[in-house]
Amino acid sequence: MSDPQAGKRVADRQAAEWHVRLGKRPVSAATLSAFKVWRETPVNADAYRRVEMLWRSAGGLGADADVQALTRETLKATAPRERAWTRRLIPATALLAGLGAVVLLASFWLQTRNLYSTEVGQHEVIRLADGTQVRLDTDTRVRVQFTGAERQIVLEQGQALFTVAHDADRPFRVSAGATEVTALGTVFDVRRRPEGARVTLLEGVVVVTDADARAGGTWRLRPGQQVETAKSNVTPVAVDAVEVTSWTQGRLVFRGTPLREAVAEINRYLPDKIVLAVGPLADTPVNGVFATGDGDAFVAAVSDLFGLRAVVDADGGVRLIRSSVSG
């Protein structure tokens, strides 16, 4: 099976190389034409946007010890003619003067190493060096930082299910904003929210802490318990952990879920969103099981159940309105 991240890594490398070529003046018409063709591919366009963002903030990385070490090794291995070409590049900051493309490539590598992500509607399973399995939900990004003393995962956005390989000498920690989950060998789900995080334990034991919580912001969970640090009164509660993690099987289970919340959950997997007209139906409970990403089935079901009409907008989104209301 091919590595699903391979295409992204290739695009990232090519984007850094294109940034270097376009930074060398003058730029020929043939080069601009070739770049335009290359950038028409969405994954390439996304990669180039990331390079531009990195280049704008690369001044701080120029002083990074890893960047400097990698730069020295790269320069040693670079042919004389190539080094001369590199020196002619216009630097972005004083810290990068004289290093040009080499530092860009080194900085970009340091920013993207051990970074795993999914697009909207995509799921992916990754296996880490210690044997831990991480299942990424839609629109999720995690960064892996392993040392000899601990295993650290930063959940930058989205949701992930962790099946942790036991290692008594190296605690396994997942950070989601101010919330941190610590485990040795266990299975748990973490969903990052703007205000905090939701942690659900399937197997083993975890300790959840939250730096933004008031005194006593530490909770020890047992299997089948969940804690949401975004709430004002944080207390572990019993949940159906299998239901909570049904997304790993490509399903979303709603049991008495307010319609507005069900729409928001379905939208996490859709590039073209569903918009629910404001009204009393927003809090009406929804029950059912839907495939992640199958917005059409969800729209058809709730439209039939609640007497709604689906109006497709020019941007591809769908508005759910009362049948008696004009679109």
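For the structure itself, consult the block above.
Conventions adopted
Residues numbered from 1 in each chain as written. Predicted model: local features only at pLDDT ≥ 70, side-chain atom pairs only at ≥ 80, totals over all residues. Heavy atoms only, no water. Helix = DSSP H or I, 4+ residues; strand = E, 2+ residues; numbered from the N terminus. Buried < 20%, exposed > 50% of the residue type's maximum accessible area, 1.4 Å probe, protein only. Pairing = 2+ DSSP bridges. Axes fitted to C-alpha atoms, helices over the stretch in contact; angles between N-to-C directions. Core = buried A, V, L, I, M, F, W, Y, C linked by side-chain atoms within 4.5 Å. Contact = heavy atoms within 4.5 Å.

Novice: Break down unusual backbone geometry for me, citing the residues and quoting the values.
Specialist: A negative phi holds for most residues other than glycine; trans holds for most peptide bonds. A positive phi is found at Asp 139, a non-glycine position, where the angle reads about 50°. The topology assignment puts Asp 139 in the loop between strand E3 (133-136) and strand E4 (141-146). Residue classification places Asp 139 among the partly exposed positions, given a relative accessible area of 35%.

Novice: So what's going on with the sheet that holds strand E7 (residues 172-176)? Residues and values would help.
Specialist: Read from one edge of the open sheet, seven strands run E1-E4-E5-E7-E8-E11-E12, paired in mixed fashion. The sheet terminates laterally at strand E1 (115-117) and strand E12 (218-221), the two strands that pair on one side only. Strand-to-strand twist across the sheet, computed as the mean angle between neighbouring axes with direction ignored, equals 20°. Alignment of E7 against strand E8 (residues 179-183), held across five bridges, turns out to be antiparallel. Bridged to Ala 176 within E8 is Thr 179.

Novice: Kindly report on the nonpolar core, identifying the contributing residues and their values.
Specialist: In terms of nonpolar packing, the biggest core is built from 27 residues, with Phe 162, Val 174, Phe 188 and Val 190 touching the most fellow members. Ignoring anything within four residues of it in the chain, the contact list for Phe 188 reads Ala 160, Leu 161, Phe 162, Val 164, Phe 172, Val 174, Val 181, Ala 183, Thr 200, Leu 201, Leu 202 and Val 206. Core analysis: the second largest hydrophobic core is formed by 24 residues, Leu 161, Ala 282, Phe 306 and Val 318 among them.

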